Amino acid sequence: MTSVQGVVLLTLALLGSSMAFVPIGGIGSHTTITGTALLEKVQDACRAVNEDAGHEFNPTGTSAEELVQACLGPRATGEVSGAKFVSALQEIYIQNGLVDRDFVASAPHHFNSEAFLEGRSLITEGIVAIKANIRNQNFQAARETLGRVLHTLQDFYSHSNWVELGNTEPYVNLLRADLPLENLADVLTATCSDCSSGTCPNSILPNIIKEKKLTSGYLGIFSSDKPKGKCSHGGAGDLTSTTLPRGGISKDERRKDNVDIFNAALNTAVKASLQLLEEIRLAVGDNDFLRMMGIARSSVVVFVIDTTGSMSDDIAEARAVVYELIDRKRGTQDEPSEYILVPFNDPAFGPTFRTTDAEKMKTEISKLKATGGGDLPEMCLSGLQLALTGAPSSSQIYVFTDATAKDLSLKDTIVALIRRTKSTVSFFITAPFTRRRRRSARSFDVYKNLALASGGQAISVTKGQLPQATDIILDTSTSALVTVLQRARAGGKQTFPFILDESLTNVTIYITGSSISFTMTNPKGVTQSSTEASGKLGTITTVGNLWRIGLNADKQTGTWQININSLQPYTLKVTGQSMITFVYDFVEPFEGPHPGYAVLSGRPQTGKPATLMLSVLSRKGPSSMTVGQVGLVMVDGPEAVSNGTLQDMGNGDILVTVDAVPAGEFVLTVKGMDEVSKTEFQRQSTTQMSVSKVIIQAAVESSAEPGKALKIPFSIMSKGSGGVYSVTARNDRNYPISVLASLTLETGKYANSTLTITPPANVPSGTDVTLTLEAKSSSGADSNYAVLRLSVVTKITDFVQPLCEVISVMANACPHDVSQCGPFQWELMANMTDGNGTGIESVSLRQGNGNLTFDSLGAPFTMANYTSSCCSQKVTFVAVDKVGNVGRCFHSIERSNGPPALTLSLPLWLCLLVSAFVAKP
């Protein structure tokens, strides 16, 4: 137990306590168990990747930034943010915690009420979905499923009597659908004695312990009924705990009466989580495992490009900027971690192209040609929807178009996706000023509104000016990008103060609008006006409606201000690069046997305090900065900040409660002190949010199968006026979907309904689908949304792991004295097969410094040959079949005494004894 607690404490030091989305329980909560296992596997993968590249993995400290920087290796020499890593962890923690809210009464999700077979099915089906998602680069879907599966797996050790039976290792059969679950207590077998106090050390019946019968506690949320003689889960939320036999056997909390079995359950749950993660890591490989965990140099860069006939110049410029982006940032920490391209035309849009290979991106964008079109509007929002659902959260998305959007009905869906993903969308609009275009000028306002909602910009230029405008892509497709300030105004004169701290570099100010004049002032009172292209404070360039001000590198830290005067609407944005940043989510508390906090899928409620969970990141971890103020401020309204009360959750995590929520669109602002430089810092979220009186509750319980309908129940309530509310459901794959077009709501009461989605029969396994469910009042004055993600997974029947037969081991040249091993080599040959399964897809070396080669993977048998220096005396290689089953083969030539090893030619039966694929993951 001591070693487990030590890893947990390291996890807390590195990742923060992160108790936000699960029951607050300190050491032993689902979050610390999950975080401990994830941290160990991330470090294992980082170490392996660096060793393969000939580098040493040696973090300089315990902050997320230092771990990510060490993992990325020598190329990560500049500012490397840990925000995406922490965000990935939070997504897993969120889904882990939501199992206690969305599936509180589901026995299989918690291994309650002896639902062992059903619980195991959730785990094995989830593992299949995770592997398929990662293979299709659907990392967010993989993370969400992983969080839920880990919760169920961990609950087995807390809710069953596995550790009371004397087991100290995980039950590997929970991860293997091809192995039986043995010795389960049937419904007629009594399992517990009465515990009148409710806190007995061990109320399992002696014969159950002696016969090694597996049982779990019954949990009643709505009823106290349970089968005669059965154990209860226990606790205040379990109505069965007062029915004989009373008490409970869950080990969710550590008490004086259960310390030993609590520690045993915790220890085993960590080991089981490690096993599951290792199974996934082996199946998908280290690089994709780390990508799932958000370990990347920089943002994902997404281009959404109009390919209609008038776009030839724009496509050429987009192609040029992609080439320049690739060439300038290749091999640096600012090199994008992935490129995504989404073309759109009319009526077609997509498909989405994505790659981590810069040369493949060059090739793909070179294929784009301007064809078709004719009428003015195009399918811009449909292309943007694919980008928002296909790209990771917090991506930079750049849209090139010269036409208005035909698919304006998607506007609310796009806003919902922007708010959910926190991605930033910027538009490059090259609309010629014809009379027809002037009449439809207001149609372009949707682009401006969407850009502002996301924290991006809408840049209007001529086609000839486009090359200068695209410099903003090189500015913003960078690592550790942060926003200091963003505001929008309808016009007039106003002064905007903002704070620059010592950690900020490459500070850039953007202003979009026309008929603008401004003056900047630094903390020492030095000024520069908009008429000075190159002044004492920075360099000013203009193109179209965009002003770009790059501050000089010797900027002054402290409070700056910019005074803007304009007769027209304008936007202001201040950005820079810094490792001081934050990740956040709006949350709400939930009750039940295991209360906690859940992330809001939609907008916060009107008339209630807004609650946020905030994780602040800095250069040397949470101790290197102090947060002084967190509040909400309107982007296009008064500068008054609605400050929140802060509850320190430990290690940089803060629960923020804001009582006076602004009435309009607002963003989050954070101020504090950087303890490293002793300078004040200011940061702002980019995504706008607002409140609603409408509440939508929905959850996806399982993956979908190709060709089969999946029903998803949901509930809608209005805290405001009742009446008829329209209901709209959309998905980014255009799969057939049905839902009642409206629901009649009574104030304060939920109305229940169901949507049905049917993926086509030919959908590849591992495809993810993003659903957007919207409810809007008949007047259109109020609405809300829920964004759901589900996976389409082909039903798997092959659960058999690949097998290995060692044919020969030739190690007679290896000296007995290992210190003399240098000039000598040994060799191993083995046959690998997947039996009657789907066939071996990949073979890789996991341990050993030798050379592994193998012949065709498509043949019934794959012959592997391993040669190594006698100094490296152990080898492990893994085979993965086409559905992700993993087998491991281990052999060692180590010996403590005796003569030198002989050349071996082993019969089959002895091969299988000496070196076989390990059954457990």
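About the thresholds
Residues numbered from 1 in each chain as written. Predicted model: local features only at pLDDT ≥ 70, side-chain atom pairs only at ≥ 80, totals over all residues. Heavy atoms only, no water. Helix = DSSP H or I, 4+ residues; strand = E, 2+ residues; numbered from the N terminus. Rg over C-alpha atoms; globule rule 2.2 N^0.38 Å. Buried < 20%, exposed > 50% of the residue type's maximum accessible area, 1.4 Å probe, protein only. Contact = heavy atoms within 4.5 Å. Lys, Arg positive; Asp, Glu negative; His and termini not counted. Charge placed at Lys NZ, Arg CZ, Asp CG, Glu CD. Pairing = 2+ DSSP bridges. Axes fitted to C-alpha atoms, helices over the stretch in contact; angles between N-to-C directions. Disulfide = S-S within 2.5 Å. Parallel < 35°, antiparallel > 145°, perpendicular 65-115°, else oblique. Nonpolar A, V, L, I, M, F, W, Y, C, P; charged D, E, K, R; others polar. pLDDT = per-residue confidence, 0-100. 1 Å grid on protein atoms, 1.4 Å probe; cavity = no way out; pocket = protein on both sides within 12 Å on 5 of 7 lines; lining within 4 Å. Points joined across faces, edges and corners; volume = space filled by probe spheres on them. Salt bridge = Lys/Arg side-chain N within 4 Å of Asp/Glu carboxyl O. Polar contact = N/O pair within 3.5 Å; in protein donor to acceptor, adjacent residues only side chain to side chain. Phe/Tyr/Trp six-rings, centres within 6.5 Å; stacked < 30°, edge-to-face > 60°. Lys NZ or Arg CZ within 6 Å of the ring centre and 35° of its normal. Expected span 1.5 Å × (residues − 1).

Moving on to the overall build of the protein. Helix and strand content of the protein: 19 helices and 41 strands. Over its C-alpha trace the protein gives a radius of gyration of 29 Å, about what one expects of a compact globule, namely 29 Å for 921 residues. Looking at the 921 residues of the protein, the share that counts as buried comes to 57%. Restricting the contact set of the protein to residue pairs at least 6 apart, pairs at least 24 apart contribute 73%. Averaged over its 79 positive side-chain charges, the protein has a centre that lies 4 Å from the centre of its 86 negative ones.

Taken together, the four strands give an open sheet; going across it, the order is β8-β14-β10-β11, and neighbouring strands pair in antiparallel fashion. Each having just a single partner strand, β8 (492-500) and β11 (527-529) make up the two edges of the open sheet. Sheet twist, expressed as the average angle between the axes of neighbouring strands with direction ignored, equals 15°.

Two strands pair when backbone bridges link them, and strand β16 (residues 581-590) and strand β17 (residues 596-599) are joined in this way by four bridges, in the antiparallel orientation. From the neighbouring strand, F590 faces β17, where its bridge partner is G596. Linking β16 to β17, which pair antiparallel, is a turn of five residues; within it G592 sits at a positive phi near 125°.

We now examine the sheet that holds strand β18 (residues 610-617). In space, the five strands of this open sheet follow the order β17-β16-β18-β22-β21, with antiparallel pairing throughout. The sheet is open, and its two edges are formed by β17 and β21 (645-650), each paired on a single side. Here the strands of the sheet are splayed against their neighbours by 35° on average, with no regard to which way each runs. Here β18 runs beside strand β22 (residues 653-658); their pairing, made up of six bridges, is antiparallel. Residue S615 lies in a different strand from β22, and its bridge partner there is D653. Along the sheet, helix α4 (residues 83-102) contacts β16, β17, β18 and β22; its crossing angle with β16, the most-contacted strand, is approximately 5°.

Our focus in this paragraph is unusual backbone geometry. In this chain, D346 is followed by P347 through a cis amide linkage whose omega measures 10°. For P347, the position within the fold is in the loop between β2 (338-344) and β3 (353-355). Here the amide bond leading from G350 into P351 is cis, since omega sits at 0°, within 30 degrees of zero. Here P351 shows up in the loop between β2 and β3. The phi torsion at Q137 lies on the positive side, around 60°, for a residue other than glycine. Position of Q137 relative to the elements: it lies in the loop between α6 (116-135) and α7 (139-159). Residue classification places Q137 among the partly exposed residues on the basis of a relative accessible area of 22%.

For the structure on display, the rule yields five disulfides. C46 shares a disulfide with C71; S-S distance 2.0 Å. A torsion of -95° about the S-S bond marks the disulfide between C46 and C71 as left-handed. Of this pair, C46 sits in helix α2 (residues 30-52) while C71 is found in helix α3 (residues 64-72), placing the two residues 25 residues apart along the sequence. Across the protein, the disulfide pattern expressed with sequentially numbered bonded cysteines is 1-2, 3-6, 4-5, 7-9, 8-10.

Okay, the packing of α2 against α3 next. Where α2 meets α3, the axes come as close as 8 Å, and the angle between the chain directions of the two elements is 30°. In terms of their interaxial angle, α2 and α3 are classed as roughly parallel. Seen from α2, the contacting residues are L39, V42, Q43, C46 and N50; seen from α3, they are L67, A70 and C71. Tallied by class, residues from the contact of α2 with α3 come to six nonpolar, two polar and no charged.

Of all residues in the protein, 92% have pLDDT values of 70 or greater, and the mean over the chain is 88. Here residues 433-439 scores under 50 on pLDDT; set against residues more than four positions off or in separate chains, the count is eight contacts.

For the structure shown, the criterion picks out seven cavities of 30 Å³ or more. Considered as a void within the structure, the largest cavity measures approximately 280 Å³ in volume. Forming the walls of the largest cavity are 17 residues, and the residues nearest its centre are T145, R148, E701, S702 and S703. Elements supplying a minimum of two residues to the lining of the largest cavity: α6, α7 and β32 (783-792). At five residues, α7 tops the list of elements feeding residues into the lining of the largest cavity. For the lining of the largest cavity, the per-class residue count stands at six nonpolar, seven polar and four charged.

Counted under the stated rule, the structure contains 45 salt bridges. D327 is paired through a salt bridge with R330; the nearest N and O atoms lie 3.6 Å apart. D327 gets classed as partly exposed once you look at its relative accessible area, which sits at 46%. Among the ionic pairs, E359 bridges to R330, the shortest N-O distance being 2.7 Å. Separated by 29 residues along the polypeptide, E359 in helix α12 (residues 358-366) and R330 in the loop between α11 (312-329) and β2 bring together distant segments of the chain. Taking relative accessible area as the criterion, E359 reaches 37% and is therefore assigned partly exposed. Residues joined by salt bridges that share partners form a network here, namely K41, D44, R47, E278, R281, D286 and R846.

A word on the environment of I134. Mapping I134 onto the fold places it in helix α6. For I134, a relative accessible area of 0% puts it in the buried group. Here the alpha-carbon distance between I134 and F496, two residues 362 residues apart in the chain, equals 45 Å.

Turning to its location among the elements, S624 is positioned in the loop between β18 and β19 (625-634). On the basis of relative accessible area, S624 is assigned to the buried category, the value being 7%. There is a polar contact of 2.7 Å between the side chain of S624 and the side chain of S618.

This next bit is on the packing of aromatic side chains. By the definition in use, this model includes 20 aromatic pairs. When the centroid spacing of 6.5 Å and the interplanar angle of 85° are considered together, the rings of F496 and Y570 count as edge-to-face. Residue F496 is found in strand β8, and its partner Y570 is found in strand β15 (residues 570-577); the two are separated by 74 residues along the sequence. Of the two residues, F496 and Y570, both sit in the buried class. With 6.4 Å between their ring centres and 20° between their planes, F498 and W560 make a pair best called stacked. Taken together, the residues span a long stretch of sequence, with F498 in strand β8 and W560 in strand β14 (residues 558-566) at a distance of 62 residues. The burial state of F498 is the same as that of W560; both residues are buried. Taken together, the ring pairs connect F111, F116, F156, Y157, W162 and Y171 into an aromatic cluster. Above the face of the Y323 ring, K362 is positioned so that its terminal group lies 5.3 Å from the ring centre. It is K422 that lies over the ring of Y584; its NZ or CZ is 4.9 Å from the centre.

Moving on to the environment of S197. Looking at the element boundaries, S197 is found in the loop between α7 and α8 (206-210). S197 sits 102 residues away from Q95 along the chain, and the two C-alpha atoms are 34 Å apart.

Taking 1.5 Å per residue, 18 residues should reach 26 Å; α11 reaches 26 Å between its end C-alpha atoms and fits that length. Within the sequence span of α11, burial applies to D314, I315, E317, A318, R319, V321, V322, L325, I326 and K329. Where the residues of α11 are buried, they touch β1 (300-306), β2, α12, β4 (396-401), α17 (466-469) and α18 (471-476). One or two residues past the end of α11 sits G331, with phi positive at roughly 80°.

Attention now moves to the environment of R420. By the secondary structure assignment, R420 is in helix α14 (residues 411-421). When the C-alpha positions of R420 and R603 are compared, they lie 9.8 Å apart, and in sequence the two are 183 residues distant. Not counting the four nearest positions on each side in its chain, R420 is found in contact with E144, S601, V787 and L788. A polar atom in the side chain of R420 sits 3.5 Å from the side chain of S601. Engagement of the side chain of R420 in a polar contact is seen with the backbone oxygen of V787, the distance being 2.5 Å.

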